[in-house]
Amino acid sequence: MKVASRIVGGFILALALGACGGGAAPDSDGEVAYRISTGSGVRMRSAPRKDAEIVASLGLGQQVSVEGRSESQSTIGGTTAYWYDVMQNDGARGWVFGALTAPLEGDRTYIELARKRFERKANQFSDWRELYDYTVQAAGQSVKDQDVRAELELIGLKSLRKAAESIPFNEE
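None of the values given here were measured: they were computed from a predicted structure.

A. Expanded view of a nonpolar patch on the surface. Taken together, the side chains of F125, I167 and F169 define a hydrophobic patch exposed on the protein surface, amounting to about 320 Å² of accessible area. For I167, a relative accessible area of 36% translates into the label partly exposed.

Here is the structure:
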C-alpha cells in the first residue's frame, strides 16, 4: 500500500510541477535544454501561433530555457519548425518559432552565430552594432574556450569597423 501511495504522490507532484512551470524541460540526457535567438527582435508569443499576442522579444544571441515544445510543426514563410515554450532569465515566458532560434550546444554555438551574421549581406549600421554588442557579451560572459573567445572578439572588432564604414559622410 505504501508503494502505491508513493507512486500516486509522485504522479501528483509531477503533474503539479508541470502545470505551474516547475522548471525547464530536460533534454534526452536529463540536462536542461537552452536555445539562443539567431535574429534581432525575435517575437515571443502567448501561444504557438504566428497571430498570437506578442509578449516579449529576444535580441540577437539571447539565451532562453526550453520549457516545452509544440506537438506539431508549423510552416511560416516557407520554413517548417516546431514552436518552443521558452523562459527568459527574468521569468518572462512565451512561445518562439524554432527556426528563429538554435539549440545552445556549447561555445561553438556562439561563434557559429557570429560568423553567419558577419557574412550576411546588406548589413546596416544597426546590424553591425548589434553584432558587436553580441560578440562583446558572449566573449565576456558566456564563452569558456579561449580560442572561441578570441575569434568572437575579432569578429566584434571587424563588425565595429563595418559599422563605421557604413556611416555616410559628406565629401564636400
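Next comes the rest of the write-up.
B. View of helix 2 (residues 107–119). For helix 2, built from 13 residues, the straight-helix expectation of 18 Å at 1.5 Å per residue is met to within 8% by its first-to-last C-alpha distance of 19 Å. Among all positions of helix 2, only D107, T109, Y110, I111, L113, A114 and R117 are buried.

C. Examining helix 3 (residues 125–142) more closely. Here helix 3 contains 18 residues, and its C-alpha end-to-end distance of 25 Å stays within 8% of the 26 Å for a straight helix at 1.5 Å per residue. By the burial criterion, the buried members of helix 3 are D127, W128, L131, Y134, T135, A138, A139 and S142. Viewed end-on, helix 3 has its buried residues packed into an arc of 125°, placing them on one side of the element. Pointing more than 90 degrees away from the buried face of helix 3 are the exposed residues G140 and Q141. Looking at the packing, one finds that the buried side of helix 3 touches strand 1 (34–37), strand 4 (63–69), helix 2 and helix 4 (146–165).

D. Structural detail: the pattern of salt bridges. Summed over the entire model, instances satisfying the criterion amount to seven salt bridges. We note a salt bridge from D51 to R49, for which the minimum N-O separation is 3.1 Å. The exposure class assigned to R49 is partly exposed, which follows from its relative accessible area of 44%. Close ionic contact of E165 with R161 constitutes a salt bridge, the shortest N to O distance being 3.4 Å. Of the two residues, E165 and R161 both sit in helix 4, four residues apart, roughly one turn of that helix.

About the thresholds
Residues numbered from 1 in each chain as written. Predicted model: local features only at pLDDT ≥ 70, side-chain atom pairs only at ≥ 80, totals over all residues. Heavy atoms only, no water. Patch = residues over 30% accessible without salt bridge, like charges linked within 9 Å, V, L, I, M, F, W, Y side chains within 5 Å. Areas by Shrake-Rupley, 256 points an atom, 1.4 Å probe, with all protein chains shown as cover. Salt bridge = Lys/Arg side-chain N within 4 Å of Asp/Glu carboxyl O. Buried < 20%, exposed > 50% of the residue type's maximum accessible area, 1.4 Å probe, protein only. Helix = DSSP H or I, 4+ residues; strand = E, 2+ residues; numbered from the N terminus. Expected span 1.5 Å × (residues − 1). Arc of directions from axis to C-beta. Contact = heavy atoms within 4.5 Å.

Read these as layout, nothing more, since geometry by itself doesn't imply function.
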